[in-house]
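Coordinate inspection notes
Spelled out, the chains give:
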Amino acid sequence: AQSVTQLDSHVSVSEGTPVLLRCNYSSSYSPSLFWYVQHPNKGLQLLLKYTSAATLVKGINGFEAEFKKSETSFHLTKPSAHMSDAAEYFCVVTSTGFQKLVFGTGTRLLVSP
Amino acid sequence: DTEVTQTPKHLVMGMTNKKSLKCEQHMGHRAMYWYKQKAKKPPELMFVYSYEKLSINESVPSRFSPECPNSSLLNLHLHALQPEDSALYLCASSQEAGSNEQFFGPGTRLTVL
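Described below are features of the structure shown in this document. Just so you know, these numbers come straight off a predicted model, no measurement behind them. (Residues numbered from 1 in each chain as written. Chains lettered and ligands numbered in written order. Predicted model: local features only at pLDDT ≥ 70, side-chain atom pairs only at ≥ 80, totals over all residues. Heavy atoms only, no water.)

Details of the side chain of A:E88
Residue and element names in this part refer to chain A.
- Within the secondary structure layout, E88 lies in strand 10 (residues 87-94).
- Of the residues examined, E88 reaches a relative accessible area of 10% and is grouped as buried.
- Only 3.5 Å separates the side chain of E88 from the backbone nitrogen of T107, close enough to count as a polar contact. (Helix = DSSP H or I, 4+ residues; strand = E, 2+ residues; numbered from the N terminus. Buried < 20%, exposed > 50% of the residue type's maximum accessible area, 1.4 Å probe, protein only. Polar contact = N/O pair within 3.5 Å; in protein donor to acceptor, adjacent residues only side chain to side chain.)

What follows is the structure, given as structure tokens:
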């Protein structure tokens, strides 16, 4: 079985401060992990993915995430938030051969000036 | 071309209407997906097509009827919908079903009156 827990439904930061969005996963298989971002009334855009290569994964727009097997975590970080980062972020787990993505419930990132 | 396109962007329909949603990709992907997303929720998988054959139907009501005319196109035919079917409908594609990374389209915002 696979599941994802996003620990915060909302995260508020000021522009220019660091961002941390937390994600824990559970998987009986070697997991593939993703972060997707969704801006209002838009589709989902892939930010980054982990598929058993390097544990520190760099994505688009300055985001990165670290896969920690011992903690079953895949937290998303960015050193300095920008107003355009305000969006919904989904942590997703799956495994090779599985046709389904398992989504977390999402974290709404709010960025204030 | 790394895009998944969806038409129309918005659709308003009555409960007795018949309409169709269209999705297209030209990345040579052999798997395509329909998701339904309600406000402030993660996407929910509806259907998976693999090599133009339906491989997963997540117990979706028969008023939703998918069709995959060829490897680049995916349609969702709608008939006798209910107001609770109002949602954002997202299409996605991946290289193969089970190849993990899915590319999402911008979605069709459906309102059922």
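Let's talk about the interface of chain B and chain A
- Counting residues at the interface gives 22 residues for chain B, matched by 22 residues for chain A.
- Interface of chain B and chain A: buried area, both sides summed, is about 1,700 Å²; carbon and sulfur atoms make up 53% of it.
- Contact with chain A buries area across many residues of chain B, yet B:N100, B:E101 and B:F104 alone supply 32% of it, more than any other trio.
- Between the two partners, chain B and chain A, sit two salt bridges.
- Residues A:K49 and B:E101 are paired through a salt bridge, measuring 2.4 Å at the closest nitrogen-oxygen approach.
- In this assembly, chain B and chain A are joined by seven residue pairs in polar contact (both at pLDDT 80 or more). (Contact = heavy atoms within 4.5 Å. Buried area = accessible area lost by both parts, 1.4 Å probe. Salt bridge = Lys/Arg side-chain N within 4 Å of Asp/Glu carboxyl O.)

A few points about the pattern of salt bridges
All names here are of chain B.
- Tallied over the entire structure, the rule returns nine salt bridges over all chains.
- The shortest N-O distance in the salt bridge between R30 and E52 comes to 3.2 Å. Placement of the pair is R30 in the loop between strand 3 (18-25) and strand 4 (31-37) and E52 in the loop between strand 5 (44-50) and strand 6 (53-57), with a sequence separation of 22 residues.
- For R30, a relative accessible area of 28% corresponds to the partly exposed category.
- Put simply, D85 and K36 hold a salt bridge, and the shortest N to O gap is 4.0 Å. Placement of the pair is D85 in the loop between strand 8 (73-79) and strand 9 (87-94) and K36 in strand 4, with a sequence separation of 49 residues. Per residue, the accessibility class of D85 equals that of K36, and both read buried.
- One continuous salt-bridge network, built from bridges that share partners, spans K36, R63 and D85.

Considering the sheet that holds strand 1 (residues 4-7) of chain B
All names here are of chain B.
- Overall, antiparallel pairing links the four strands, which are arranged 1-3-8-7 in an open sheet. Looking at the sheet topology across the chains shown, the edges are occupied by strand 1 and strand 7 (64-70). Within this sheet the neighbouring strands show an average axis-to-axis angle of 20 degrees, counted without direction.
- The sheet contact formed by strand 3 and strand 8 spans seven bridges and is antiparallel. Bridge pairing in strand 8 places L21 opposite L76. (Pairing = 2+ DSSP bridges. Axes fitted to C-alpha atoms, helices over the stretch in contact; angles between N-to-C directions.)

Digging into the state of the cysteines
- Going through the model one piece at a time under the given rule, you end up with two disulfides over all chains.
- The partner cysteine of A:C23 in its disulfide is A:C91, sulfur to sulfur 2.0 Å. Disulfide A:C23 to A:C91: torsion about the S-S bond roughly -65 degrees, handedness left-handed. Here A:C91 lies in strand 10 and A:C23 lies in strand 4 (residues 23-27), a separation of 68 residues in the sequence. When sorted by exposure, A:C23 lands in the same class as A:C91, which is buried.
- Covalently, B:C23 is tied to B:C91 through a disulfide, its sulfur atoms 1.9 Å apart. Residues B:C23 and B:C91 share a disulfide whose torsion about the S-S bond is about -70 degrees; that sign makes it left-handed. (Disulfide = S-S within 2.5 Å.)

Observations regarding the pairing of strand 5 of chain B
All names here are of chain B.
- Burial within strand 5 is extensive, with five of its seven residues counted as buried.
- Pairing of strand 4 with strand 5, which is carried by six bridges, proceeds in the antiparallel orientation. Counterpart to Y35 in the pairing with strand 5 is L45.
- Hairpin connection of strand 5 to strand 6: two residues between the antiparallel strands, including Y51 at a positive phi of 50 degrees.

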